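These are the residues of each chain, in order.
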Amino acid sequence: DANVLNQRKFLAINVGCNKGYDAVEIMRMGSANTEFDVKNWTKTIKKIKGQLPQGVCGQHNLSPLQIPKGVPVVENAMVY
């Protein structure tokens, strides 16, 4: 039912030192929103700041998490 889907929420607290790579991937996973993409995020940050240090564990090289077709986006999603 559409009302149930609209009430879905996602909240994550990310504590780490990986330059935000994990937070972007967590948001993609929890919101099922493919607009959250580490490679695009990296390009945007580099345009703004000129550079972005690499994460400790190589997250900048990982392929984005695949979201199955038909999974609805969680509109009420946050990562802190």
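Reading guide: rules and limits
- Residues numbered from 1 in each chain as written.
- Predicted model: local features only at pLDDT ≥ 70, side-chain atom pairs only at ≥ 80, totals over all residues.
- Heavy atoms only, no water.
- Salt bridge = Lys/Arg side-chain N within 4 Å of Asp/Glu carboxyl O.
- Buried < 20%, exposed > 50% of the residue type's maximum accessible area, 1.4 Å probe, protein only.
- Core = buried A, V, L, I, M, F, W, Y, C linked by side-chain atoms within 4.5 Å.
- Helix = DSSP H or I, 4+ residues; strand = E, 2+ residues; numbered from the N terminus.
- Contact = heavy atoms within 4.5 Å.
- Polar contact = N/O pair within 3.5 Å; in protein donor to acceptor, adjacent residues only side chain to side chain.
- Patch = residues over 30% accessible without salt bridge, like charges linked within 9 Å, V, L, I, M, F, W, Y side chains within 5 Å.
- Areas by Shrake-Rupley, 256 points an atom, 1.4 Å probe, with all protein chains shown as cover.
- Axes fitted to C-alpha atoms, helices over the stretch in contact; angles between N-to-C directions.
- Parallel < 35°, antiparallel > 145°, perpendicular 65-115°, else oblique.
- Left-handed = near helix turned anticlockwise from the far one by under 90°.
- Nonpolar A, V, L, I, M, F, W, Y, C, P; charged D, E, K, R; others polar.
- Phe/Tyr/Trp six-rings, centres within 6.5 Å; stacked < 30°, edge-to-face > 60°.

Student: Can you break down the pattern of salt bridges residue by residue, with the values?
Tutor: Summed over all chains, the structure comprises 1 salt bridge. Note that aspartate 37 and arginine 28 form a salt bridge whose closest N and O atoms lie 3.9 Å from each other. Among the residues examined, aspartate 37 registers a relative accessible area of 14% and is labelled buried. Looking at arginine 28, the relative accessible area reads 5%, which means it is buried.

Student: Residues and numbers for the nonpolar core, please.
Tutor: Listed in full, the 5 residues of the largest apolar core are Tyr21, Val24, Val38, Ile45 and Leu52. Those elements that provide at least two residues to this core are helix H2 (21-31) and helix H3 (38-49).

Student: Before we move on, can you summarise the environment of asparagine 33 with the specific residues and values?
Tutor: Its place among the elements puts asparagine 33 in the loop between H2 and H3. Spatially, the C-alpha atom of asparagine 33 lies 7.4 Å from that of valine 74, the residues being 41 residues apart in sequence. Not counting chain neighbours up to four residues away, the residues in contact with asparagine 33 comprise Arg28 and Val73. Here glutamate 35 takes part through its backbone nitrogen, which lies 2.9 Å from a polar atom of the side chain of asparagine 33.

Student: I'd like a description of a nonpolar patch on the surface, backed by residues and values.
Tutor: Residues Leu11, Ile13, Val15, Met78 and Tyr80 make up a contiguous nonpolar surface patch of roughly 610 Å² in combined accessible area. On the secondary structure map, methionine 78 appears in strand S2 (residues 76-79). Classification of methionine 78 by relative accessible area gives partly exposed; the value is 36%.

Student: Would you mind going over the packing of H2 against H3 in detail, with residue names and values included?
Tutor: Where H2 meets H3, the axes come as close as 10 Å, and the angle between the chain directions of the two elements is 135°. On the basis of their axis angle, the class for H2 and H3 is oblique. Pair H2 / H3 crosses with right-handed handedness. Judged by residue contacts, Tyr21, Val24 and Glu25 of H2 engage Val38, Trp41 and Thr42 from H3. The residue inventory of the contact of H2 with H3, partitioned by class, reads 4 nonpolar, 1 polar and 1 charged.

Student: Give a description of the side chain of arginine 28 that names residues and reports values.
Tutor: Secondary-structure assignment places arginine 28 in helix H2. With residues up to four places along the chain from it excluded, the contact list for arginine 28 reads Asn33, Thr34, Phe36, Asp37, Pro64, Leu65 and Ile67.

Student: Can you explain the packing of aromatic side chains? Please cite residues and give values.
Tutor: Under the criterion given, the structure shown has 1 aromatic pair. With a centroid separation of 5.6 Å and 75° between ring planes, the pair formed by tyrosine 21 and tryptophan 41 is classed as edge-to-face. One end of the pair, tyrosine 21, is in helix H2; the other, tryptophan 41, is in helix H3, and 20 residues separate them in sequence. Assessed through its relative accessible area of 2%, tyrosine 21 is described here as buried. Among the residues examined, tryptophan 41 registers a relative accessible area of 24% and is labelled partly exposed.

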